[in-house]
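Inside the fold
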Amino acid sequence: MVRFIEENTKPVKNETGDEPKTDVTTAKKKVLQDLIINNGGGLINSWVDSMRTCSPTHLKSLMKRSSWLTEHPSALDMFEEILHVSEGKQIVMFLDYDGTLSPIVDDPDRAFMSKKMRRTVRKLANCFPTAIVSGRCREKVYNFVKLTELYYAGSHGMDIKGPEQGSKYKDDKTLICQPATEFLPMIDEVYQKLVEKTNLTPGANIENNKFCVSVHFRRVDEKNWSDLANQVRSVMKDYPKLRLTQGRKVLEIRPIIKWDKGKALEFLLESLGYANSTDVFPLYIGDDRTDEDAFKILRERRQGLGILVSKFPKETNASYSLEEPDEVMDFLQRLVEWKQSRAGA
Ligand SMILES: O=P(O)(O)OC[C@H]1O[C@H](O[C@H]2O[C@H](CO)[C@@H](O)[C@H](O)[C@H]2O)[C@H](O)[C@@H](O)[C@@H]1O
């Protein structure tokens, strides 16, 4: 059976503080049950349901933004409080790329970050250890960001490398972590098969992210989603060692190993010498379901905090929110100014 792993989520409460009777969590649980029980029968419908359930416009109708903001306030509004809880600790920054540093666009190859954002991230990395944690392959995300002073964790954390020029925080020139190398031939094979299978589905775009593959359906007409799901399933059924997760209008195919953005965060903290430290404050900013693994780790460790980038209410383990990449840039800029003011004091 193809394994479709639901990302970690927590129930969203309605305005009275109760869980709504039919909320997103319930809907997703049903999708998951269908997958397990039907083992193929209702599978395609379930995939398509899930593809729809993840659309922000669908979620928008289920949750009220005002009550959601009470639980996940703006990180800009709460800036002073965030500084207060990080007092005396080393801030370590973790930044997702798509939808966090760059706006979501139709063509994944054109998801450029602005020059202003790049300047801000460069200044940030000068103030705090900073890592980019992305679903994209590391080389590709590096080509967008182009900053040698950062840590990069590509392929959802399955490809980690320290700063090119060494880090001012630690000499990490040789830091490399690739826990899924044995899957490389399999991923290449699946990528080729998916390209062939989906080439008659208008708008479908298969992206090779080295240790995982993305099947984009942003430009696929909704009436063709079940065809696409069928094509993906027909390929994946022969690969029980691969699993499927979902991001923003994208199906992500990746090895079944227990490694994700949360594990990458832990690995990087450990590499920086903060494995068991209580003096560290990791700040993770991301917009997608795959970022939930990192938000969850921070909650479990009771360390630092997660900030979800979203204009719409979403189930999340993050504590705070920002609406869009421009707000992320403002937040990062304020962190830089705060750090610089202390250095000069
Ligand atoms: O972890 P991330 O850095 O957020 O990467 C997740 C996926 O991001 C990209 O896809 C998303 O952004 C595209 C460009 O804006 C958009 O067209 C697509 O619909 C989004 O899902 C990237 O192309 C994927 O490979 C990443 O896995």
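As the structure is a prediction and not an experimental result, all values here were calculated from the model.

The number of helices and strands found in the chain is 12 helices and 13 strands. In the chain, 64% of the contacts between residues at least 6 apart in sequence involve partners at least 24 apart. Approximately 15500 Å² of the chain is accessible, and the part contributed by carbon and sulfur atoms is 48%.

Attention shifts here to the sheet that holds strand β12 (residues 305-309). The 8 strands are arranged β6-β5-β4-β3-β2-β11-β12-β13 in an open sheet whose pairing can be described as mixed. Strands with a single pairing partner mark the edges of an open sheet, and in this sheet they are β6 (176-177) and β13 (320-322). Both strand β5 (residues 159-161) and β6 contribute to a ladder of 2 bridges, which runs antiparallel. Across the sheet, residue Ile160 finds its bridge partner in β6, namely Cys177. Here helix α7 (residues 138-145) sits on the sheet and contacts β3 (130-133), β4 (151-154) and β5; the angle it forms with β4, its principal contact strand, is near 135°.

Between two cysteines, a covalent bond joining their sulfur atoms is known as a disulfide. A complete count under the given rule lists 0 disulfides for this structure. The cysteine Cys137 is free of any disulfide, with Cys212 supplying the nearest cysteine sulfur at 8.4 Å. Exposure remark for Cys137: the relative accessible area of 9% places this residue in the buried category. In this structure Cys177 is not part of a disulfide, and its nearest cysteine sulfur, from Cys212, lies 14 Å away. For Cys177, a relative accessible area of 10% corresponds to the buried category.

By the secondary structure assignment, Gln246 is in strand β9 (residues 242-247). Counting along the chain gives 53 residues from Gln246 to Lys193, while the straight-line C-alpha distance between them is 19 Å.

The relative placement of two packed helices is expressed as an angle between their axes plus a distance between the axes. With their axes 12 Å apart at the nearest point, helix α5 (residues 79-86) and helix α12 (residues 325-344) run at an angle of 50° to one another. Taken together, the axes of α5 and α12 lie oblique to each other. At the point where α5 passes α12, the crossing takes the right-handed sense. Facing α5, whose interface residues are Phe79, Glu80, Ile82 and Leu83, α12 presents Phe331, Arg334, Leu335 and Trp338. Along the lines of polarity and charge, the residues of the contact of α5 with α12 split into 6 nonpolar, no polar and 2 charged.

All right, on to the pairing of strand β8 (residues 213-216) then. Where burial is concerned, the two faces of β8 agree: the one with Val213 and Val215 and the one with Ser214 and His216 are both buried. Note: strand β7 (residues 205-208) against β8, 4 bridges, orientation antiparallel. The residue of β8 that forms the bridge with Glu207 is Ser214. Two successive antiparallel strands, β7 and β8, enclose a turn made up of 4 residues, where Lys210 displays a positive phi of approximately 70°.

Around the ligand sit 21 residues in total, of which Val105, Glu207, Arg218, Arg248 and Lys261 are the nearest. With respect to the ligand, the backbone of Val105 contributes an N or O atom lying 2.5 Å from an oxygen atom. Here the ligand loses 99% of its free accessible area of 570 Å² to cover by the protein chains. At the level of secondary structure, the elements contributing two or more residues to the shell around the ligand comprise β8 and β10 (250-255). In terms of residue class, the shell around the ligand is made up of 7 nonpolar, 5 polar and 9 charged.

Calculation notes
- Residues numbered from 1 in each chain as written.
- Predicted model: local features only at pLDDT ≥ 70, side-chain atom pairs only at ≥ 80, totals over all residues.
- Heavy atoms only, no water.
- Helix = DSSP H or I, 4+ residues; strand = E, 2+ residues; numbered from the N terminus.
- Contact = heavy atoms within 4.5 Å.
- Areas by Shrake-Rupley, 256 points an atom, 1.4 Å probe, with all protein chains shown as cover.
- Pairing = 2+ DSSP bridges.
- Axes fitted to C-alpha atoms, helices over the stretch in contact; angles between N-to-C directions.
- Disulfide = S-S within 2.5 Å.
- Buried < 20%, exposed > 50% of the residue type's maximum accessible area, 1.4 Å probe, protein only.
- Parallel < 35°, antiparallel > 145°, perpendicular 65-115°, else oblique.
- Left-handed = near helix turned anticlockwise from the far one by under 90°.
- Nonpolar A, V, L, I, M, F, W, Y, C, P; charged D, E, K, R; others polar.
- Near = heavy atom within 4 Å.
- Polar contact = N/O pair within 3.5 Å; in protein donor to acceptor, adjacent residues only side chain to side chain.

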